[in-house]
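Here is how the chains run, residue by residue.
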Amino acid sequence: MATLKRDKGLDNTLKVMREGYLYTSNQRERLGTNVFETRALGGKSFVVLNGKEAAELFYDNDKIERQGTLPKRVVNTLFGKGAIHTTTGKQHIDRKALFMSLMTEGNLEYVRELTRNFWMANTERMEQMDEVNVYRESIILLTRVGTRWAGVQAPESEIEQIATDMDIMIDSFKGLGGAFKGYRSSKAARKRVEDWLEDQVIKTRKGEIHPPKGTALYEFARWTDYEGNQMDSRLCAIDLMNTFRPLIAINRFISYGVLALHKHPEAVEKMKTVKDYPYMFSQEVRRFFPFVPFLPGKTKVEVEIDGVTLPADQSLVIDIYGTTHDPKLWDNPNEFNPERFLDWDGSPFDLIPQGGGDYWTNHRCAGEWITVIIMEESFKYFANKIVYDVPEQDMDVNLNSIPGYVNSGMIISNVRENVDRS
Ligand code: HEM
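Criteria and cut-off values
Residues numbered from 1 in each chain as written. Predicted model: local features only at pLDDT ≥ 70, side-chain atom pairs only at ≥ 80, totals over all residues. Heavy atoms only, no water. Pairing = 2+ DSSP bridges. Helix = DSSP H or I, 4+ residues; strand = E, 2+ residues; numbered from the N terminus. Contact = heavy atoms within 4.5 Å. Axes fitted to C-alpha atoms, helices over the stretch in contact; angles between N-to-C directions. Expected span 1.5 Å × (residues − 1). Bend = angle between axes of the 7 residues up to and from the residue. Buried < 20%, exposed > 50% of the residue type's maximum accessible area, 1.4 Å probe, protein only.

**Q** Before we go on, may I ask you to explain the sheet that holds strand 2 (residues 36–40) in this structure?
**A** Two strands in a sheet stick together by hydrogen bonds in their backbones, pointing the same way (parallel) or opposite ways (antiparallel). Within the open sheet, the six strands sit side by side as 1-2-3-9-6-4. Their pairing is mixed. At either end of the open sheet lies a strand with only one pairing partner, and these are strand 1 (5–6) and strand 4 (64–65). Looking at chain direction, strand 4 and strand 6 (residues 294–299) are connected through two bridges and run antiparallel. Within the sheet, the bridge partner assigned to E65 lies in strand 6 and is K298. The strands touched by helix 2 (residues 23–31) are strand 1, strand 2, strand 3 (44–49), strand 6 and strand 9 (315–319); relative to strand 2, the strand with the most contacts, the crossing angle is about 135°.

What follows is the structure, encoded as structure tokens:
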């Protein structure tokens, strides 16, 4: 039986924030082990897990508990109090079924159509801009897609404010370590959006507004749990937001993808000519670029991993970025290569940028299919429907900062429609 190695230090939070996505792989290399213990968030002990076997363990509901392990601050700003992410057992499975019931063929096709149409309709606006910041432009566009898809009313005059509020909330997970000066503004953003959505839940229930059947607003407002109870209107607003706020976070993947199209010009052509290339390219963007760094849990019982025994009640994190860059799972993991997905077996435990395991019984992201669809349509648009220049800018993606982003946001200029009028 191997002994558990440690990153010494009473509290490594600052070190984690300084080394960012590379902290865990640096430690694994230094300690010569796949599983190690570190202390963070006020000296609390966490065991860091990495790889496919670790993901299988992490998503075993008999062995690992997720409830109560998310930092309070992230719950208060990013997900909302009582959100699906914080539930467990029967309550989780019951409410998760509601989220998954939105993922019908029709709703998935609709989100594809919305993305395609909104990008096309946005071309004229981008043509008139000196420079387009793809990160920023995508937030607004995705807010339009997300609110429309969810069936909520978002007046045109408020779209920019809603988009900004969503972005503030999403960015709030950078406040994990130490003081976070954005905490107050994240909470204020959350309150504004919750108020706006709660009003629509109440009006839907009273029959004052009529969202279409099958939309998140319609289904969430009417839903009753396994005991026959309606969700409290505030909680309903919180989880309604969880159907489209994360959709706005796809802006990060879109800016990463436009960067990848720029760095790999052959991909632009392949996007038009190679079957399934938009899908493979999107999967590779999700694998390659940094977003969610790790996810927390704790052992319910004594478990064994990589020859190390961990006691019950041990806090854990699964290393998301480390697993999507594990050389045992991915050949040349630090190379951007969409074709690696030609023969990928679709395992739920290796490509885990949005969590892993089963959609209905684990906490795996309910919006993963939507994410890939929106990415495919966005990259097809940038590769086929417009042409543009890429001016001098800082295109680095800093792995030492969480959450990751393209430093410049990914600027393009001189946007023109790409129409063959011959
Ligand atoms: C940039 C795109 C996205 C990323 C990186 C992302 C990431 C994640 C991650 C890491 C989790 C937690 C998995 C776990 O705890 O095991 C999660 C859960 C979740 N995501 Fe996403 N997500 C994205 C897009 C979406 C979209 C478009 C939706 C819209 C439906 C969505 C809805 C959810 C929900 C409802 C959960 C909670 C599931 C549960 O607790 O059972 N996400 N997501």
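**Q** It is not clear to me how helix 6 (residues 105–127) should be interpreted in this structure. Could you clarify?
**A** Structurally, the α-helix is built with 3.6 residues per turn, so residues lying three or four positions apart point the same way. Helix length check: helix 6, at 23 residues, gives a terminal C-alpha distance of 34 Å against a target of 33 Å (1.5 Å per residue), a fit within 8%. Along helix 6, the helix axis deviates most sharply at A121, where the bend reaches about 30°. Within helix 6, burial applies to N107, L108, V111, R112, L114, T115, W119, N122, T123 and M126. Against the buried residues of helix 6 lie strand 5 (131–133), helix 7 (134–150), helix 13 (250–263), helix 17 (368–385), strand 10 (386–389) and strand 11 (411–417).

**Q** Quick question: what am I supposed to make of the pairing of strand 2 here?
**A** Every other side chain in a regular strand lies on the same face of the sheet, so the side chains alternate between the two faces. In terms of burial, strand 2 is largely enclosed, as four of its five residues are buried. As defined by bridge partners, strand 1 adjoins strand 2 across two bridges and the pair is classed as parallel. In the strand pairing of strand 2, K5 is matched with F36. Sheet topology note: the strand 2/strand 3 ladder contains five bridges and is antiparallel. Residue pairing across strands places F36 opposite V48, the latter belonging to strand 3. Where strand 2 folds back on strand 3, the antiparallel hairpin that results is connected by three residues, among which L41 adopts a positive phi of roughly 50°.

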